[in-house]
Amino acid sequence: NDKGEVEQKKYKSINFLLGAGRITLNDNNTTSNPLERDLNVLTLNVGGAYSFVFNKFNVFFSLGYDIPTTAEGRRWIFDKKLWIGFGLGYSVFKN
């Protein structure tokens with residue numbers, strides 16, 4: 001600012017997450033009968049996130065679900081189980 005003081009930037013945000021992914025199903029990560037071969041399955045990824053920014057640093061927390069899109073994918077041991085994410089960041093570009 002005009003007085004030579006450093007301005008502090010602080011803000012928070014709440015975000016919705018939506019994406020697509022791929023999982024490989026095998027005998028180690030599925031329930032019930034063994035698979036004849038490994039299968040790649042498309043997933044829908046949904047969740048929410050909260051972030052806090054202080055100057056060039058940020059902290060990020062997220063929650064979500066990975067939902068397989070096929071009947072075979074429903075055998076995945078993590079089908080519709082909540083995941084939790086955490087991140088730290090630092091901006092290297094001028095803001």
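Report follows, based on the coordinates. Note that the structure is predicted; figures quoted are calculated from it, not measured.

Notes on the overall build of the protein
Link 1 in the chain: Scanning the protein for helices and strands turns up zero helices and four strands.
Link 2 in the chain: The helix and strand sequence of the protein, counted from the amino end, reads β-β-β-β.
Link 3 in the chain: Relative to a compact globule of 95 residues, whose C-alpha radius of gyration would be 12 Å, the protein shows 20 Å and is clearly more extended.
Link 4 in the chain: In terms of its C-alpha atoms, the protein occupies a principal-axis envelope of roughly 70 × 20 × 15 Å.
Link 5 in the chain: Residues counted as buried form 24% of the 95 residues belonging to the protein.
Link 6 in the chain: By sequence separation, contacts in the protein at least 24 residues apart represent 55% of the contacts at least 6 residues apart.
Link 7 in the chain: Here the protein has roughly 7300 Å² of accessible surface; of this, 58% comes from carbon and sulfur atoms.

Section: a nonpolar patch on the surface
Link 1 in the chain: On the surface, a nonpolar cluster with roughly 750 Å² of combined accessible area is contributed by Ile-14, Tyr-50, Phe-52, Phe-54, Phe-61, Phe-86 and Leu-88.
Link 2 in the chain: The set of elements that each furnish at least two residues to the nonpolar patch consists of strand 2 (39-54) and strand 4 (83-90).
Link 3 in the chain: By residue number, the principal contributor to the nonpolar patch is strand 2, which donates three residues.
Link 4 in the chain: The exposure class of Leu-88 is exposed, given its relative accessible area of 67%.

Section: unusual backbone geometry
Link 1 in the chain: The phi angle at Asn-55 is positive, at roughly 55 degrees, despite the residue not being glycine.
Link 2 in the chain: Of note, Asn-55 is situated in the loop between strand 2 and strand 3 (57-68).
Link 3 in the chain: One non-glycine residue, Lys-80, adopts positive backbone phi at about 60 degrees.
Link 4 in the chain: By secondary structure assignment, the location of Lys-80 is in the loop between strand 3 and strand 4.
Link 5 in the chain: Classification of Lys-80 by relative accessible area gives partly exposed; the value is 46%.

About the criteria used
Residues numbered from 1 in each chain as written. Predicted model: local features only at pLDDT ≥ 70, side-chain atom pairs only at ≥ 80, totals over all residues. Heavy atoms only, no water. Helix = DSSP H or I, 4+ residues; strand = E, 2+ residues; numbered from the N terminus. Rg over C-alpha atoms; globule rule 2.2 N^0.38 Å. Buried < 20%, exposed > 50% of the residue type's maximum accessible area, 1.4 Å probe, protein only. Contact = heavy atoms within 4.5 Å. Areas by Shrake-Rupley, 256 points an atom, 1.4 Å probe, with all protein chains shown as cover. Patch = residues over 30% accessible without salt bridge, like charges linked within 9 Å, V, L, I, M, F, W, Y side chains within 5 Å. Salt bridge = Lys/Arg side-chain N within 4 Å of Asp/Glu carboxyl O.

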